[in-house]
Amino acid sequence: MQHPGPPASDEAAPHENGFFIPDLCAPPAVFLAVLLAQLVVLLHVLALGPLAAFDWRALGTGSFFVQWNTLLCIALICRMRGRLLPMTPATATAVCLVLVLVVSTLSSVLVYRFYPLLGPQSGGLLDWVLRNALLALILAATVLRYAYLQQRVAFQQRSELQLRLDALRARIRPHFLFNTLNSIASLIAVQPDLAEQAIEDVAELFRAALSSGDRDSSLGEECHLCELYLKIEQLRLRDRLAVAWEIDPSLKAVALPALLLQPLVENAVYHGISQLPKGGEVSIRAWRESSMLHVEVQNPLPQRAVNRSGGNRMALDNIRQRLDAQYRASASLRVGARENVYSARISIPLERGLTS
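In this text, all values refer to a predicted model and were calculated from it rather than measured experimentally.

A. Representation of the overall build of the chain within the structure. A count of helices and strands for the chain gives 11 helices and 7 strands. Looking at the chain alone, contacts between residues at least 24 apart form 74% of all its contacts between residues at least 6 apart. Of the roughly 20,000 Å² of accessible surface on the chain, 61% is carried by carbon and sulfur atoms.

Following this line, the structure appears as structure tokens:
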């Protein structure tokens, strides 16, 4: 039950060709750049001769010169980031490469003229400048190409995730819609107030399902949507559907991806309770364990377990994809059956917000 994603038009172009140069103002990016530059210097010194004759002087002078250029380029690109943002990838790449070329050239000239200890042991100024400029351009182009490919992979993953989210929003079970309408129709004559309330619940549930998937939700909001869904299903299942809630009130404000819990509750009703002649109880629990939030949905299984392929597997795979995209490996969805009870447990870190 999800709304269609953005149309495949020119509006998607800015996202597809978005700014790919890393945020060099951030400490992790600076650390990685410095580490990469140091590894390049180390490889260069190791290639000069045997390990027994390792040239520590070359390592020291080379590290100083390379790190000087690296940090200067990082600082300049960081300051220019606002101007680079509206540029196309080709233009932004060209500007960065020109900047690296200028910095390496000026640094090489200054070192050759005023700091001969850091300069070349042989060869003239032109050879020194050209060699350093060429190496700097090759390294910068390699890093920018890697950053561009990373951005493309991230965009493709977001696109695939959005398609999955759109498919989940578009998946309205016909049995749920038809049975709900039939239940409401049967109540209009005998219990018009209850029928009116059911229509309002359906409208609110569909409004939430069809709203934008870009905004985050909370555990409290997710539980409210589940309550609406269960109230609607109880019109049909009546006493066959019992619900047990065990939610820590202090956790209701915890941020969650929208429509993360309702598909699990829907599966519990559709694949569990509705398959049992006497029905059963859906248990929804949420608790804190160390720095993790755990949300678990349990339901009884029929004696002959139904085939859990199709929509159930699609919803579970979709939830796993969303957890991986927003929390990486720190979140998980575990499902399984034990003693005729099927459980699905979501675990997410409490100390972190949603990741992009």
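B. Representation of the state of the cysteines in the model. By the definition in use, this model includes 1 disulfide. Here Cys25 is linked by a disulfide to Cys78, with a sulfur-sulfur distance of 1.8 Å. Given an S-S torsion of about 115 degrees, the disulfide between Cys25 and Cys78 has right-handed geometry. One end of the pair, Cys25, is in the loop between α1 (13–16) and α2 (27–46); the other, Cys78, is in helix α3 (residues 56–79), and 53 residues separate them in sequence. Since its relative accessible area comes to 40%, Cys25 is described here as partly exposed. Unpaired in this structure, Cys73 has its nearest cysteine sulfur neighbour in Cys96, at a distance of 9.4 Å. By relative accessible area, which is 2% here, Cys96 ends up buried.

C. Main features of α3. Taking 1.5 Å per residue, 24 residues should reach 34 Å; α3 reaches 34 Å between its end C-alpha atoms and fits that length. Considered for burial, the residues of α3 that qualify are Ala58, Leu59, Gly62, Ser63, Phe65, Gln67, Asn69, Thr70, Cys73, Ile74 and Ile77.

D. Main features of the pairing of strand β6 (residues 332–338). Pairing geometry for β6 and strand β7 (residues 341–349), over 7 bridges, is antiparallel. Bridge assignment links Leu333 to a residue of β7, and that residue is Ile346. The loop that links β6 with its antiparallel partner β7 comprises 2 residues; one of these, Glu339, has a positive phi angle of about 55 degrees.

E. Local environment of the packing of aromatic side chains. For the coordinates displayed, the defined rule picks out 2 aromatic pairs. The interplanar angle of 70 degrees and the centroid separation of 4.7 Å between the aromatic rings of Phe54 and Trp56 together place this pair among those described as edge-to-face. Relative accessible area serves as the criterion here: at 64%, Trp56 is assigned to the exposed category. If you follow Arg285 out to its NZ or CZ, it ends over the ring of Trp287, 4.2 Å from the centre.

F. View of the packing of α3 against helix α5 (residues 89–114). At a minimum axis distance of 10 Å, the contact between α3 and α5 shows a crossing angle of 140 degrees. Considered as vectors, α3 and α5 are oriented oblique to each other. Handedness of the α3/α5 crossing: right-handed. Between α3 and α5, the contacting residues are Phe65, Trp68, Asn69, Leu72, Cys73, Leu76 and Ile77 on the first element and Cys96, Leu99, Val100, Val103, Ser104, Ser107, Ser108 and Val111 on the second.

Analysis parameters
Residues numbered from 1 in each chain as written. Predicted model: local features only at pLDDT ≥ 70, side-chain atom pairs only at ≥ 80, totals over all residues. Heavy atoms only, no water. Helix = DSSP H or I, 4+ residues; strand = E, 2+ residues; numbered from the N terminus. Contact = heavy atoms within 4.5 Å. Areas by Shrake-Rupley, 256 points an atom, 1.4 Å probe, with all protein chains shown as cover. Disulfide = S-S within 2.5 Å. Buried < 20%, exposed > 50% of the residue type's maximum accessible area, 1.4 Å probe, protein only. Expected span 1.5 Å × (residues − 1). Pairing = 2+ DSSP bridges. Phe/Tyr/Trp six-rings, centres within 6.5 Å; stacked < 30°, edge-to-face > 60°. Lys NZ or Arg CZ within 6 Å of the ring centre and 35° of its normal. Axes fitted to C-alpha atoms, helices over the stretch in contact; angles between N-to-C directions. Parallel < 35°, antiparallel > 145°, perpendicular 65-115°, else oblique. Left-handed = near helix turned anticlockwise from the far one by under 90°.

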